[in-house]
Amino acid sequence: MKPDMRSDENIVSGRRALFFDVDGTLMAYGGYVPESAKRAIRKAREHGDLVFINSGRIYKLAKYIERFVENDGLLCGCGTDLYYGKDNFYSHEVPAEVLKGIEEECRKDRADLVLEGRDGVAVAPWARLKETFDVIGFIKEQDAIWPLDFYDPGYRANKFCIQYDEETDIPSFTSFAREWFDIIDRGHGFLECVPCGHGKAFAIKKVMELCGIEKENVYVFGDSTNDLDMIRFAGHSVIMGKHDRELEPYAEFITRDLEDDGIEYAMKHYGII
């Protein structure tokens, strides 16, 4: 259903905030941002709108997008590490005793554990799956690998992921982890685990509080299952032409593919630019 367009009076009286997922939404899987998306975001900011990157990526990986896209802040780690400009205004770390329990459980259940924190990504030494080593290669390219020992007590994790296969005892893992984490099934043997109460919608709420943004002036753009909570929460929700089907019941507007000027098309649809 086509949403109601906001009047010029509303645009003046209520500042808008736009929140973008990265992979598959702003950044194509070839590692580039289409010129049309850069252009649209630049115009929105020139009009006074706020633009935030709202990503599952940790800070060291999320800040890569700043080479391509102007923004007002990076919301990293699915709502666990939040920046307005360069200021870190919120951070949540997994308690050390919980982290130790997760490590022991993943080893027991034969799950490849990938810890994610502000200072880098730490991969469990018992990792065995090709998909995990593919991820390690990408993270090394971005200079985002935790340089010290996996068990270093100085490491602080914000969230974690696991890769699994038929040898993994998934029921045992999920039964243990769900006490502290929301578990997002990303498909293809990949689970993303975010501390309960956090997520991309939580990040948006924190920005709303900080900047005085009304929900009706919140616009979100996403494509995958870890965008679901912000798609359900936002005043206006856009999903890309290529998207996980689980998002469809909650999306206000389905735009074109990213590579087919999907971001710019959606922003024109809403009268943002």
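Reading guide: rules and limits
- Residues numbered from 1 in each chain as written.
- Predicted model: local features only at pLDDT ≥ 70, side-chain atom pairs only at ≥ 80, totals over all residues.
- Heavy atoms only, no water.
- Patch = residues over 30% accessible without salt bridge, like charges linked within 9 Å, V, L, I, M, F, W, Y side chains within 5 Å.
- Areas by Shrake-Rupley, 256 points an atom, 1.4 Å probe, with all protein chains shown as cover.
- Salt bridge = Lys/Arg side-chain N within 4 Å of Asp/Glu carboxyl O.
- Lys, Arg positive; Asp, Glu negative; His and termini not counted.
- Charge placed at Lys NZ, Arg CZ, Asp CG, Glu CD.
- Helix = DSSP H or I, 4+ residues; strand = E, 2+ residues; numbered from the N terminus.
- Buried < 20%, exposed > 50% of the residue type's maximum accessible area, 1.4 Å probe, protein only.
- Phe/Tyr/Trp six-rings, centres within 6.5 Å; stacked < 30°, edge-to-face > 60°.
- Lys NZ or Arg CZ within 6 Å of the ring centre and 35° of its normal.
- Expected span 1.5 Å × (residues − 1).

Caption draft 1: Structural context of a positive patch on the surface. On the surface, Arg42, Lys43, Arg256 and Lys268 cluster together to form a positively charged patch. Looking at where Lys43 falls in the secondary structure, it is placed in helix H2 (residues 35-46). Accessibility expressed as a relative area gives 34% for Lys43, which makes it partly exposed.

Caption draft 2: Quick look at the packing of aromatic side chains. Summed over the entire model, instances satisfying the criterion amount to 15 aromatic pairs. A ring pair is formed by Trp126 and Phe150, whose centres lie 5.9 Å apart and whose planes are at 80 degrees; its orientation type is edge-to-face. Pair noted here: Trp126 is in the loop between strand S7 (120-123) and helix H5 (130-141) and Phe150 is in the loop between H5 and strand S8 (159-163), with a separation of 24 residues, a long-range link. Trp126 sits in the buried class, given a relative accessible area of 16%. Directly above the aromatic system of Tyr250 lies the positively charged group of Arg232, at a separation of 4.6 Å from the ring centroid. The residue whose ring lies beneath Arg256 is Tyr265, and the NZ or CZ to ring-centre distance is 3.9 Å.

Caption draft 3: Representation of helix H7 (residues 200-211). The first and last C-alpha atoms of H7 sit 17 Å apart over 12 residues, in line with the 16 Å expected at 1.5 Å per residue. By the burial criterion, the buried members of H7 are Lys200, Ala201, Phe202, Ala203, Ile204, Val207 and Met208. Backbone geometry just downstream of H7 places Gly212 in the positive-phi region, at approximately 70 degrees.

Caption draft 4: The arrangement of unusual backbone geometry in detail. The backbone of Cys78 shows a phi angle near 50 degrees, a positive value even though the residue is not glycine. For Cys78, the position within the fold is in the loop between strand S3 (73-76) and strand S4 (81-84). Residue Cys78 is classed as buried on the basis of its relative accessible area of 1%. Backbone geometry at Arg110 places phi at a positive 60 degrees, although glycine is not the residue there. Looking at the element boundaries, Arg110 is found in the loop between helix H4 (96-109) and strand S6 (112-117).

Remember, this is a structural readout, not a statement about activity or role.
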